[in-house]
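Reading the structure
These are the residues of each chain, in order.
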Amino acid sequence: MTRTATRKGMTLRDALVEFVKHPTPWMLVVWSAALLGARITLGGWTIADAITPIVLVAISPIAEWLIHVGILHWRPRSVGPVKIDSRLARDHRLHHQDPRDIPLVFIPLPSLVVVIAGLTAIGIFAFPRTGLGLTFALTIALFLVFYEWTHYLVHTDYKPRHAIYRAVWKNHRYHHFKNENYWFTVTSSGTADRLLGTYPDPQQVQSSPTVRNLHAPSITG
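Keep in mind the model is a prediction, meaning the values are calculated, not measured. (Residues numbered from 1 in each chain as written. Predicted model: local features only at pLDDT ≥ 70, side-chain atom pairs only at ≥ 80, totals over all residues. Heavy atoms only, no water.)

With that settled, consider the packing of aromatic side chains. According to the stated counting rule, one finds 11 aromatic pairs in the structure shown. With a centroid separation of 5.1 Å and an interplanar angle of 45 degrees, the aromatic rings of Phe127 and Phe136 are classed as tilted. Phe127 sits in the partly exposed class, given a relative accessible area of 23%. Ring geometry for Trp149 and Tyr152: centres 5.8 Å apart, planes at 40 degrees, overall tilted. You can see Trp149 and its partner Tyr152 sitting in helix α6 (residues 130–154), 3 residues apart, about one turn around the helix. A cation sits over an aromatic face here: Arg39 above Trp45, 3.9 Å from the ring centre. The positively charged end of Arg77 is found above the aromatic ring belonging to Trp74, 3.9 Å away from the centroid. (Phe/Tyr/Trp six-rings, centres within 6.5 Å; stacked < 30°, edge-to-face > 60°. Buried < 20%, exposed > 50% of the residue type's maximum accessible area, 1.4 Å probe, protein only. Helix = DSSP H or I, 4+ residues; strand = E, 2+ residues; numbered from the N terminus. Lys NZ or Arg CZ within 6 Å of the ring centre and 35° of its normal.)

Below you can see the structure in the form of structure tokens.
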């Protein structure tokens, strides 16, 4: 495949073959395996190790929404001579410019290194029990594997075959091709968006002139 996903009639196997060619999925899988090995070796399981993943998965749609709105759609601004504009926000603007450019679908490599290092440190040092901290970090690592795969798949030419994925697929495509101000969740649809007021009826929403050029001045009237 070329840098942009243009294949028609793509199968799930085709999508997976392309997915594993990119570094961030491997980084996330290796990180998850390392955390799992460490957690099993450490032992000392408690009920908190069962509750923690349930809570994290339950709040994941809201976390996705907050990160998408607050970090990825960050509007560059200056504080005195200092311009505040993160690598994640810059890359996300490029992603909106060309949603079919597959390398831009993945978490930027430098940002992922920081995420892995930071969450590993939090898991080891910020919890009163290291085992629980590793459970926390492992849950997030596995969720990020799921996030990378889901986000990637939506941006390929693989067509949905089941209702749940079809809803996710439509939700994210509305965000990229209709209006960037709505439909912020990626791995679910109608969850945090509905709760936080960004899940309108698509038929009632006007197409945005800045959906491919975030923060550009729009001409109305």
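The next point concerns helix α7 (residues 163–177). Note: α-helices contain 3.6 residues per turn, so residues at a spacing of three or four share the same orientation. With 15 residues, α7 ought to run about 21 Å at 1.5 Å a step, and its terminal C-alpha atoms sit 20 Å apart, in line with that. Contact partners of the buried residues in α7: α3 (48–72), α4 (87–97), α6 and α8 (192–195). (Expected span 1.5 Å × (residues − 1). Contact = heavy atoms within 4.5 Å.)

With that settled, the discussion passes to the pattern of salt bridges. This model, assessed by the stated rule, comprises 6 salt bridges. Put simply, Arg100 and Asp157 hold a salt bridge, and the shortest N to O gap is 3.1 Å. Here the residue Arg100 occupies a position in the loop between α4 and α5 (109–125), and Asp157 occupies one in the loop between α6 and α7, the gap between them amounting to 57 residues. Through salt bridges with shared partners, a single network forms among Arg39, Asp49 and Arg129. (Salt bridge = Lys/Arg side-chain N within 4 Å of Asp/Glu carboxyl O.)

So, on to the UniProt feature "transmembrane region" (unreviewed entry) in the chain. In this numbering, the UniProt entry assigns the feature "transmembrane region" (unreviewed entry) to residues 28–48, 54–74, 102–127 and 133–154. In this annotation, residues 102–127 is assigned 65% helix and 0% strand; the end-to-end C-alpha distance for the span is 37 Å. This span, residues 133–154, is 100% helix and 0% strand, and a straight line between its end C-alpha atoms measures 32 Å. (UniProt positions renumbered as here; feature names shortened; annotations may be inferred.)

It is worth spelling out the packing of α5 against α6 at this point. A pair of packed helices can be characterised by two numbers: the angle between their axes and the separation between those axes. Running from N to C, α5 and α6 cross one another at 155 degrees; their axes reach a closest spacing of 7 Å. When the axis of α5 is compared with that of α6, the two are roughly antiparallel. Residue-level contacts link Val115, Leu119, Ile122, Gly123 and Ile124 of α5 to Thr130, Gly133, Leu134, Phe136, Ala137, Ile140 and Leu144 of α6. Across the contact of α5 with α6, the residue classes tally to 9 nonpolar, 3 polar and no charged. (Axes fitted to C-alpha atoms, helices over the stretch in contact; angles between N-to-C directions. Parallel < 35°, antiparallel > 145°, perpendicular 65-115°, else oblique. Nonpolar A, V, L, I, M, F, W, Y, C, P; charged D, E, K, R; others polar.)

Take the UniProt feature "domain: Fatty acid hydroxylase" (unreviewed entry) in the chain next. Look at the UniProt record and you will see "domain: Fatty acid hydroxylase" (unreviewed entry) annotated at residues 55–198. In residues 55–198, helix accounts for 62% and strand for 4%; the two terminal C-alpha atoms are 23 Å from one another.

Mapped onto the fold, Gly133 is located in helix α6. What makes Gly133 buried here is its relative accessible area of 0%. Counting along the chain gives 90 residues from Gly133 to Gly43, while the straight-line C-alpha distance between them is 12 Å. Beyond its immediate sequence surroundings of up to four residues, Gly133 is in contact with Gly123 and Phe127.

To continue, consider the side chain of Thr187. Structurally, the position occupied by Thr187 is in the loop between α7 and α8. Assessed through its relative accessible area of 15%, Thr187 is described here as buried. Within the structure, the side chain of Thr187 is placed 2.5 Å from the side chain of Glu64, a separation counted as a polar contact. (Polar contact = N/O pair within 3.5 Å; in protein donor to acceptor, adjacent residues only side chain to side chain.)

What follows covers the nonpolar core. By size, the foremost hydrophobic cluster in this structure holds 14 residues, and its most contacted members are Leu28, Trp31, Leu35, Leu112 and Leu144. Listed by contribution, the elements that provide at least two residues to this core are α2 (23–42), α5 and α6. Tallying contributions element by element places α6 first for this core, with 6 residues. Listed in part, the 13 residues of the second largest apolar core include Ile102, Phe106, Tyr158 and Val168. (Core = buried A, V, L, I, M, F, W, Y, C linked by side-chain atoms within 4.5 Å.)

Okay, the packing of helix α1 (residues 12–19) against α6 next. Close contact between α1 and α6 brings their axes to 11 Å; oriented N to C, the two are set at 120 degrees. When the interaxial angle is binned, α1 and α6 end up oblique. Crossing angle aside, the handedness with which α1 passes α6 is right-handed. Seen from α1, the contacting residues are Leu12, Ala15, Leu16, Glu18 and Phe19; seen from α6, they are Glu148, Trp149, Tyr152 and Leu153. (Left-handed = near helix turned anticlockwise from the far one by under 90°.)

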